[in-house]
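Structural description and commentary
The chain contents come next:
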Amino acid sequence: MTAAAVPVLDRLGIRLIAHGEPEPETLLGLALRHNPKRAQLLVSRLLGKHVPTDPRLVRAAGLLLGGRVADALAGRPLRDLPHDLLRAALDGDPAAPAALQGHAVAGAEPTDALVLGFAETATGLGHSVAEALAADYLHSTRRPVPWFEPVGGFSEEHSHATEHLLLPAGATLLRGDRPLVLVDDELSTGRTALNTITALHAVAPRERYVLAALVDVRPETSSLVDGVAALGARLDVVALGRAGVHLPADLAARAEQVKASAVAPTGPAGGGSGRPPERVVLADLGWPAGLPVGGRHGFRRADHATLAEALPRLARTVVTLAGFADGDRTLVLGTEELMALPLRLAQTLADAGHDVAFSTTTRSPAVVVDEPGYALRSGITFPAHDDPVDGPGPRFAYNVAGPWDRILVVVDPAGDTPALHTGLLAALAAAVPSARITVVVTP
């Protein structure tokens, strides 16, 4: 057998090691980064970031994680997970995502804590954890806002875009007399988490931290808990699953061989599809006054109920204005940090009986290999469309070249620019020429 005929994951030699249930393959896929700091990319099957996923499953995972955080804060044993239901949802059982979501919603209790989603990938997940706790929420951002003064920040050491800011609307959100729950999709070394806690502790020291992740793959030698103890605080770590990752000593060389035969993400089409996208502006549809779009500047505990009450009406209006047809297969695509509202919109559409998957664009350059078992089978690339402070740079969306009848691209006003049309929308039109594209603009 030639080297090219050997499955790419076998050539890479990366292995996931089970540490109890659920099995790591239930939660994770494997891919490669274009990043000299870390070659491997653990692709979550529950996050909706790199893999279009049933939005009810994505939300349910966050709610389940929030339930375990509630247990940790109350000092009781962590609740059992519905492993069979989770596997069924990931295996494509059409009834399982709704059942899993219903299971996860039960038992939510208001909690006086601040939930912080940190780094781009966890902005939506952190929102779901905060929803489960009925707690205040804030997420980090890479986008400075002129009239908000940063009160802290941290570095994501392994990332290609490392700096993150905290821009709460008012100092009371970060007050130090209540627990802080930090949420990330994957806990690999703990360095980013310790960087974040150290930075926040300098601004508002507190006694209690909880770190929550979908999967914890830290090595046994992790000093994360001891590092927080050295600050004079307690840290509890909770996750939906634990696993180990075996990396061969020559992974960098193996990765370069795979990259040499990889597929480059496709860019925008020169002429586009010729069909202009529809456009829906949520501010014109009766968006509740004073309700934040997400947690970039804070999302208070009362806001969760306001959003939940407004979503069914907003979703019905979007369906009408976008001209949904019976049986349409729809992708709802968030953009970078804007994950929470697109997720909730997609989940509300799915709850109403529409066939919907959810995903988002990303800054992360990754290797695309069109091979069964590899996590990133296709990809598109396009320039940034929100005038970021660190320059235009390339952006990506993976596994979006699917059989979609329509695509809803959700952007905030800063991302609703001419570059959106010549970049992301043109790339989507080239990748899925049969899909009708609608741009949904948040307040």
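If you're wondering where the values come from, they're calculated on a predicted model, not measured in any experiment.

Some details on the overall build of the chain
Scanning the chain from N- to C-terminus turns up 12 helices and 17 strands. Relative to the globule expectation of 22 Å for 443 residues, the C-alpha radius of gyration of the chain, 21 Å, shows essentially globular dimensions. Summarising its shape, the C-alpha atoms of the chain cover approximately 60 × 60 × 45 Å along the three principal directions. Out of the 443 residues belonging to the chain, those deemed buried represent 57%. Accessible surface computed for the chain: about 17,200 Å², of which carbon and sulfur atoms make up 56%. In the chain, 39 side chains carry a positive charge and 48 a negative one; their mean positions are 1 Å apart.

Quick look at the packing of aromatic side chains
Taken as a whole and assessed by the stated rule, the structure comprises 1 aromatic pair. If you follow arginine 406 out to its NZ or CZ, it ends over the ring of phenylalanine 324, 4.7 Å from the centre.

A short note on the side chain of threonine 141
Of note, threonine 141 is situated in the loop between β5 (136–139) and β6 (152–155). Among the residues examined, threonine 141 registers a relative accessible area of 1% and is labelled buried. Those residues in contact with threonine 141 that lie beyond four places of it in its chain are His164, Leu165, Leu167, Arg296 and Glu337.

Section: the sheet that holds strand β4 (residues 114–117)
Across the sheet, 6 strands lie side by side as β1-β10-β9-β8-β4-β5; this open sheet has mixed pairing. With one partner strand each, in any of the chains shown, β1 (15–18) and β5 form the two edges of the open sheet. Direction aside, the axes of adjacent strands within the sheet are offset by 30 degrees on average. Here 8 bridges tie strand β9 (residues 208–216) to strand β10 (residues 234–246), and the two strands are oriented parallel to one another. Residue pairing for β10: alanine 212 is matched across the bridge by valine 238. Across the sheet, helix α3 (residues 55–74) touches β8 (180–187), β9 and β10, and the angle it forms with β10 is around 135 degrees. Strand contacts of helix α7 (residues 191–203): β4, β8, β9 and β10, with the helix running at about 160 degrees to β8, the strand carrying the most contacts.

Points about the nonpolar core
Considering soluble globular proteins, one finds that nonpolar side chains tend to be buried as a cluster. Grouped together as the largest cluster of nonpolar side chains are 93 residues, with contacts concentrated most on Leu46, Val69, Val115 and Leu349. In contact with valine 115, other than residues within four places in its own chain, are Gly126, Val129, Ala130, Leu133, Ala135, Asp136, Tyr137, Leu138, Val181 and Val183.

A short note on the sheet that holds strand β12 (residues 329–334)
Across the sheet, 5 strands lie side by side as β11-β17-β16-β12-β13; this open sheet has parallel pairing. Two strands close off the open sheet at either side, each with one partner strand: β11 (278–281) and β13 (355–360). When strand polarity is set aside, the average angle formed by the axes of neighbouring strands in this sheet is 20 degrees.

Considerations on the packing of helix α6 (residues 123–133) against helix α11 (residues 340–351)
Where α6 contacts α11, the two axes come as close as 8 Å, and the packing angle between them is 65 degrees. The angle between α6 and α11 places the two elements in the roughly perpendicular class. Contacts from Thr123, Gly124, His127, Ser128 and Glu131 of α6 reach α11 at Ala340, Leu343 and Arg344. Class assignment of the residues belonging to the contact of α6 with α11 gives a composition of 2 nonpolar, 4 polar and 2 charged.

As for unusual backbone geometry
Looking along the chain, the bond that leaves glutamate 21 and enters proline 22 is cis, with omega of -10 degrees. As for its placement among the helices and strands, proline 22 is situated in the loop between β1 and α2 (24–27). Phi at alanine 134 is positive, roughly 50 degrees, even though this residue is not glycine. Inspection of the secondary structure puts alanine 134 in the loop between α6 and β5.

Observations regarding the layout of surface pockets
What the largest pocket holds in volume is close to 450 Å³. Around the largest pocket, the lining comprises 26 residues; the ones closest to its centre are Arg143, Val293, Arg296, His297 and Asp412. Among the secondary structure elements, those contributing two or more residues to the lining of the largest pocket are β5 and α11. In terms of residue class, the lining of the largest pocket is made up of 13 nonpolar, 7 polar and 6 charged.

A word on the pairing of strand β15 (residues 394–398)
Buried residues dominate β15, accounting for 4 of its 5 residues. The pairing of strand β14 (residues 379–383) with β15 spans 5 bridges and is classified as antiparallel. Counted as the bridge partner of phenylalanine 382 is arginine 395 from β15.

Observations regarding the pattern of salt bridges
If you walk through the whole model with that rule in mind, you get 35 salt bridges. Between glutamate 120 and lysine 49 there is a salt bridge, with the nearest N and O atoms lying 3.0 Å from each other. Taken together, the residues span a long stretch of sequence, with glutamate 120 in the loop between β4 and α6 and lysine 49 in the loop between β3 (40–44) and α3 at a distance of 71 residues. For the pair shown, glutamate 120 and lysine 49 are each scored as buried. Connected via shared salt-bridge partners are Asp112, Asp136, Arg175, Asp177, Arg178, Arg300 and Arg301.

What counts, and at which threshold
- Residues numbered from 1 in each chain as written.
- Predicted model: local features only at pLDDT ≥ 70, side-chain atom pairs only at ≥ 80, totals over all residues.
- Heavy atoms only, no water.
- Helix = DSSP H or I, 4+ residues; strand = E, 2+ residues; numbered from the N terminus.
- Rg over C-alpha atoms; globule rule 2.2 N^0.38 Å.
- Buried < 20%, exposed > 50% of the residue type's maximum accessible area, 1.4 Å probe, protein only.
- Areas by Shrake-Rupley, 256 points an atom, 1.4 Å probe, with all protein chains shown as cover.
- Lys, Arg positive; Asp, Glu negative; His and termini not counted.
- Charge placed at Lys NZ, Arg CZ, Asp CG, Glu CD.
- Phe/Tyr/Trp six-rings, centres within 6.5 Å; stacked < 30°, edge-to-face > 60°.
- Lys NZ or Arg CZ within 6 Å of the ring centre and 35° of its normal.
- Contact = heavy atoms within 4.5 Å.
- Pairing = 2+ DSSP bridges.
- Axes fitted to C-alpha atoms, helices over the stretch in contact; angles between N-to-C directions.
- Core = buried A, V, L, I, M, F, W, Y, C linked by side-chain atoms within 4.5 Å.
- Parallel < 35°, antiparallel > 145°, perpendicular 65-115°, else oblique.
- Nonpolar A, V, L, I, M, F, W, Y, C, P; charged D, E, K, R; others polar.
- 1 Å grid on protein atoms, 1.4 Å probe; cavity = no way out; pocket = protein on both sides within 12 Å on 5 of 7 lines; lining within 4 Å.
- Points joined across faces, edges and corners; volume = space filled by probe spheres on them.
- Salt bridge = Lys/Arg side-chain N within 4 Å of Asp/Glu carboxyl O.

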